[in-house]
Amino acid sequence: MFNVKLKDKTIQVEEHTSIVDIAKEYANDYENDIILAMYNGKLAELNTSVQEDCTLEFVTTSDKIGSDCYRRSVVFMMLKAIYKILGREQIEKVSIKYSISKGLYCELHSDVEVTDEFLEKVSAEMKSLSERDIFIIKNTVPVSEAIKRFDYYGMKDKVNLLKYRRSSRVNIYNLSGFEDYFYGYMAYSTGILKRFNLFKYKDGFILQTPMSKNPKEIPEFNGEDKHFDALNDSTEWAEKMGVPTIGHVNNKICDGSVTDLIMVQEAYQEKKIADIAEDIASRDGVKFVLIAGPSSAGKTSFAHRLSIQLVGQGLKPHPISVDNYFVDRKDNPVDEEGNLDYEVLEALDLEHFNNDMEALLNGEEVELPEYDFEAGVQQMSGKTLKLDENDILVIEGIHCLNDEMTYKLDSDRKYKIYISALTPLRIDEHNRISASDWRLLRRLVRDLRTRGKSAQTTIEMWKRVRRGEEKYIFPYEDSADAIFNSAMVFEPSVLKVYTEPALFSVPEDSEEYLEANRLLKFLDYVLPLPEDDIPKNSIMREFVGGSSIVKE
């Protein structure tokens, strides 16, 4: 018998008792479905057997990790349904491409057209699989055997990825005879996977599952067409370049052609920036270029490069930092925990900002403020500015897409730009890379290099950063006149060099270890790449250092 310590009691179980049996016994104590467990502080699937005295904490679908597991498992169930309906001979590939408005955009590569009728069949088969409560079985096999199995299914991206697998074995999941590999843990059975939605969108379809905030309801789908177009454009470019997945980038590193890939990627981004500058110059009356985006999107480098392109269009750009318009610290709002909240709109002196912008627009000379972050007060800088005919302001800040920040300025005077790292790269056909993970890796490198912050500290504060983004940035994305994707297909390989040592330093007994370990597992697929061939004006230089345009 083993002693199992739960959150409010200790129970005894027999040797080899499955965690799922314990979870079922205590399921009524939890508002939401139990989907994973923390077994002695380490994440475990519910079909894991108890092998020793242990501490057990249950993970539900209201937890971020549990919600991600639920979505992954529903993807597996969907793939099983599609392959059963069509047969593998009719399927070239099913691609899980990217996240759009709290849903996953997917494409079926087949002679069979994706219609409402077809998706209804898939949905019906998924519901049948859920009702039958079929176990999802994990098998550990040699990499060579996994390659053979995925070759059988025509999953070429997985075959290519596994060539770079350092471990000699790999976990494969089996659902009623259908096999696949997933980056992350899975539900123990299909019985828990009751909530999902499928519908046509663009050239493919959307799969929706509940989010952790409300794990019992499917969220509203808002479309986000501009976001989709930016992602789709970058993804199509990556596919044309022959680098849609991590494995393909690894191929470029191995065959020595990655330097050319870097140059072409940088040229592609520069063309996008030039197109935005040309669009700005073509709009009569625009005087305010407003740039917003989430943390580690590369806003500073982008603003500099855009300014250079604006000069090329005959304009004279002037940078304006919204941070200089913070209210005095004594007047700054606080959050629910009583901490100063610098991310709310009320942390800015909106009246001062709008009065200055309006005066500049009217041809007046304005003395700009400068915020003393050490003293926590706004003061005058002694620097004055007056706009001539070809002058234009380039303003960067998290609220720049929110019209409440620029309430005194007419919309035809404003040009809004949203910038983020929208990942065009996937791990393989069925495993996408989160844009949040992409930006977190960037942030880890920059925080360590410029601020001396450990990976543990950066991971700990990332949840708060993400909450701010959800409130103040993402809701305004589709109001932008232009969306710029700062992600580059080669950058995980560059970031790996810096992030791996930092992530290994996160203590095992810390709350941040789980996240650090998950990122390390992702980086295990990625071959390292030195930053030597990255141009000095690259957005990547904002994170790894050596930038010719960003002051540090």
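Parameters at a glance
Residues numbered from 1 in each chain as written. Predicted model: local features only at pLDDT ≥ 70, side-chain atom pairs only at ≥ 80, totals over all residues. Heavy atoms only, no water. Helix = DSSP H or I, 4+ residues; strand = E, 2+ residues; numbered from the N terminus. Rg over C-alpha atoms; globule rule 2.2 N^0.38 Å. Buried < 20%, exposed > 50% of the residue type's maximum accessible area, 1.4 Å probe, protein only. Contact = heavy atoms within 4.5 Å. Areas by Shrake-Rupley, 256 points an atom, 1.4 Å probe, with all protein chains shown as cover. Lys, Arg positive; Asp, Glu negative; His and termini not counted. Charge placed at Lys NZ, Arg CZ, Asp CG, Glu CD. Salt bridge = Lys/Arg side-chain N within 4 Å of Asp/Glu carboxyl O. Disulfide = S-S within 2.5 Å. Phe/Tyr/Trp six-rings, centres within 6.5 Å; stacked < 30°, edge-to-face > 60°. Lys NZ or Arg CZ within 6 Å of the ring centre and 35° of its normal. Pairing = 2+ DSSP bridges. Axes fitted to C-alpha atoms, helices over the stretch in contact; angles between N-to-C directions. Patch = residues over 30% accessible without salt bridge, like charges linked within 9 Å, V, L, I, M, F, W, Y side chains within 5 Å. Core = buried A, V, L, I, M, F, W, Y, C linked by side-chain atoms within 4.5 Å. Parallel < 35°, antiparallel > 145°, perpendicular 65-115°, else oblique. Left-handed = near helix turned anticlockwise from the far one by under 90°. Nonpolar A, V, L, I, M, F, W, Y, C, P; charged D, E, K, R; others polar.

Caption draft 1: Structural view of the overall build of the protein chain. A count of helices and strands for the protein chain gives 15 helices and 21 strands. Relative to its length of 552 residues, the protein chain is compact, with a C-alpha radius of gyration of 25 Å against a globular reference of 24 Å. Each principal axis of the C-alpha atoms in the protein chain carries an extent, and together these give about 80 × 55 × 45 Å. When the 552 residues of the protein chain are sorted by exposure, 54% land in the buried category. Considering only contacts in the protein chain between residues 6 or more positions apart, those separated by 24 or more positions represent 72%. Put simply, the protein chain shows about 24700 Å² of open surface, and 45% of that area lies on carbon and sulfur atoms. Charge-centre separation for the protein chain: the mean point of 70 positive side chains lies 4 Å from the mean point of 97 negative side chains.

Caption draft 2: Up close: the pattern of salt bridges. Here the structure, examined in full by the defined rule, presents 36 salt bridges. Through salt bridges with shared partners, one network takes in Arg166, Lys496, Glu500 and Asp524.

Caption draft 3: Expanded view of the state of the cysteines. Here the structure, examined in full by the defined rule, presents zero disulfides. Between cysteine 54, a free cysteine, and cysteine 69, which holds the nearest cysteine sulfur, the sulfur-to-sulfur gap is 19 Å. A relative accessible area of 6% means that cysteine 54 is categorised as buried.

Caption draft 4: Structural detail: the packing of aromatic side chains. Inspection of the entire model under this criterion finds 25 aromatic pairs. Relative to phenylalanine 221, the ring of phenylalanine 199 lies with its centre 5.1 Å away and its plane at 75°, an arrangement referred to as edge-to-face. With a gap of 22 residues between them, phenylalanine 199 in strand E11 (residues 197–201) and phenylalanine 221 in the loop between strand E12 (204–208) and helix H6 (225–240) connect regions that are remote in the sequence. On the accessibility criterion, phenylalanine 221 (22% relative accessible area) is partly exposed. Where tyrosine 201 meets phenylalanine 221, the ring centres are 5.3 Å apart and the plane angle is 80°; that geometry is what we call edge-to-face. Of this pair, tyrosine 201 sits in strand E11 while phenylalanine 221 sits in the loop between E12 and H6, and the two are 20 residues apart along the sequence. Among the aromatic residues, those joined into a cluster by ring pairs are Phe76, Tyr83, Tyr152, Tyr153, Phe178 and Phe182. Cation over ring: lysine 7 sits above tyrosine 30, and NZ or CZ is 4.5 Å from the ring centre. It is lysine 158 that lies over the ring of phenylalanine 150; its NZ or CZ is 5.9 Å from the centre.

Caption draft 5: The sheet that holds strand E21 (residues 482–485), seen in detail. Across the sheet, which stays open at both edges, the five strands sit in the order E14-E17-E13-E18-E21 with parallel pairing between neighbours. The open sheet is flanked by strand E14 (316–321) and E21, the only strands paired with a single partner. For this sheet, the mean angle separating the axes of adjacent strands, direction not counted, is 25°. Where strand E18 (residues 414–420) lies against E21, four bridges are found, and the strand directions are parallel. Within E21, the residue paired with serine 420 across the bridge is asparagine 485. Contacts from helix H8 (residues 258–282) reach strand E13 (288–292), strand E17 (391–396), E18 and E21 within the one sheet, and its direction differs from that of E21 by about 165°.

Caption draft 6: Layout of a nonpolar patch on the surface. Among the surface-exposed residues, Val334, Leu340 and Tyr342 lie close enough to one another that they form a single nonpolar patch of about 250 Å² accessible area. Summarising the element assignment, valine 334 is placed in the loop between E14 and helix H10 (350–361).

Caption draft 7: Representation of the nonpolar core within the structure. Among the nonpolar cores identified, the biggest contains 122 residues, and Met78, Ile82, Met126, Ile280 and Leu306 are the most heavily contacted of them. With 12 residues, helix H2 (residues 64–86) is the largest single contributor of residues to this core. What leucine 306 contacts, discounting residues up to four positions off in sequence, is Ile273, Ile276, Ala277, Ile280, Val289, Ile291 and Ile417. Among the nonpolar cores identified, the runner-up in size contains 41 residues, and Tyr98, Leu345, Phe353 and Ile483 belong to it.

Caption draft 8: Molecular detail of the packing of H8 against helix H9 (residues 299–312). Between H8 and H9, whose axes approach to 9 Å, the crossing angle comes to 60°. On the basis of their axis angle, the class for H8 and H9 is oblique. The handedness of the crossing between H8 and H9 comes out as right-handed. Residues Glu266, Gln269, Glu270, Ile273, Ala274, Ile276, Ala277 and Ile280 of H8 pack against Phe302, Arg305, Leu306, Gln309 and Leu310 of H9.

Caption draft 9: Quick look at a negative patch on the surface. There is a patch of like negative charges on the surface, built from Glu358, Glu364, Asp410 and Asp412. Relative to the assigned elements, glutamate 358 resides in helix H10. For glutamate 358, a relative accessible area of 31% puts it in the partly exposed group.

Caption draft 10: Molecular detail of the packing of helix H13 (residues 491–504) against helix H14 (residues 513–523). At a minimum axis separation of 10 Å, H13 and H14 run at an interaxial angle of 145°. H13 and H14 meet at a crossing whose hand is left-handed. When H13 is examined against H14, the residues Pro492, Lys496, Thr499, Glu500, Leu503 and Phe504 are found in contact with a partner set consisting of Ala516, Leu519, Leu520 and Leu523. For the contact of H13 with H14, the per-class residue count stands at seven nonpolar, one polar and two charged.

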